[in-house]
Amino acid sequence: MDPASIGKAVLLALVEGATEFIPVSSTGHQLLVGHFIGFHSPNNTFEVLIQLGAILAILLVYFRRLLAIATAVPSDPKARRFVLGILVAFLPAAIIGGLFSKLIKAYLFNPWIVCATLVAGGLVLLVIDDTDLEVKKKDVYDFTLPMDLKIGIFQCLAMIPGVSRSGATIVGAMLMGADKRSATEFSFYLAMPTMAGAFAKDLLDNYKYLSSNDVGLIVIGFVVSFISALFVVRVLLDYVSRHGFWLFAWWRIIVGALGFAGLIILG
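Residues numbered from 1 in each chain as written. Predicted model: local features only at pLDDT ≥ 70, side-chain atom pairs only at ≥ 80, totals over all residues. Heavy atoms only, no water.

**Student:** Would you mind going over unusual backbone geometry with me for this structure?
**Tutor:** Excluding glycine, a negative phi dihedral is what most residues carry, and trans is how most peptide bonds are arranged. Here Ser25, not a glycine, exhibits a phi torsion of approximately 75°, which is positive. Note on placement: Ser25 falls in the loop between α1 (3–19) and α2 (26–37). Under the relative-accessibility criterion, Ser25 is labelled buried at 5%. In this model, Ser164 sits at a positive phi of 95°, which is unusual for a non-glycine residue. One can find Ser164 in the loop between α8 (145–156) and α9 (165–175). (Helix = DSSP H or I, 4+ residues; strand = E, 2+ residues; numbered from the N terminus. Buried < 20%, exposed > 50% of the residue type's maximum accessible area, 1.4 Å probe, protein only.)

Here is the structure:
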């Protein structure tokens, strides 16, 4: 591993951890940054596998809540329904990702598509943030199974890089009647099986193509993404509850516009 490769891996991992749980698309940001700094991994495996660091960050932050849910499942119907709801929401992405992940990577992991979806997603967030949606649910435990399934279908949109997994699930939940805080929290919970599943499938599909250098860079990326994601998860819920999504919307629009300019000028 040469210093330049390590520096690029650290930069991409910082981007991953900082953007995974906010509605700006971590994959889209990594693809754009990777394109402009000349970082390429076999089948974009690095970008997917370093998500394990972000997964462990949210597991650490939510450890007590997850433990409480796990211990309550045998005796509490509400806890059982919540766990079932997360699994139901995860199902659409598991099916579509399992069937089409290679095609998605082959045809949609393109910086031009990323820029377009970043801008479009930013405009959607601005509209959602400024729309007086009817709030029916303020607690993730109160989400219904049909609502969970619909949120899971929205999550599938994020297989297009630049859309944002968290953005798609948050917008989907709010359209189903959730308030901003519970929509964001549900997105956190749903991220755990979704990202773990994506990690496992990508590792299974691509481990044979990874060299020792690739593995070393992935380990570095894992550690850095864990640290940066840990910070974001700790502050995001309170920020969204107080300020909404306008900052992330404009972030997306500006990054997408700069990406288009960079692609036109630099190629």
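**Student:** Got a minute to help me understand the UniProt feature "transmembrane region" (unreviewed entry) in the protein chain in this structure?
**Tutor:** Under the present numbering, the feature "transmembrane region" (unreviewed entry) in UniProt falls on residues 48–70, 82–101, 107–128, 149–174, 186–204, 216–237 and 249–266. Taken end to end, residues 186–204 is 100% helix and 0% strand, and its two terminal C-alpha atoms sit 28 Å from one another. (UniProt positions renumbered as here; feature names shortened; annotations may be inferred.)

**Student:** What is the right way to look at helix α11 (residues 212–243) in this model?
**Tutor:** Because the α-helix completes a turn every 3.6 residues, residues three or four places apart line up on one side. In this model α11 runs 44 Å from its N-terminal to its C-terminal C-alpha over 32 residues, within 8% of the 46 Å that 1.5 Å per residue would give. The sharpest bend along α11 reaches about 40° and sits at Leu236. Where α11 terminates, the next one or two residues include Gly244, which has phi positive at roughly 75°. (Expected span 1.5 Å × (residues − 1). Bend = angle between axes of the 7 residues up to and from the residue.)

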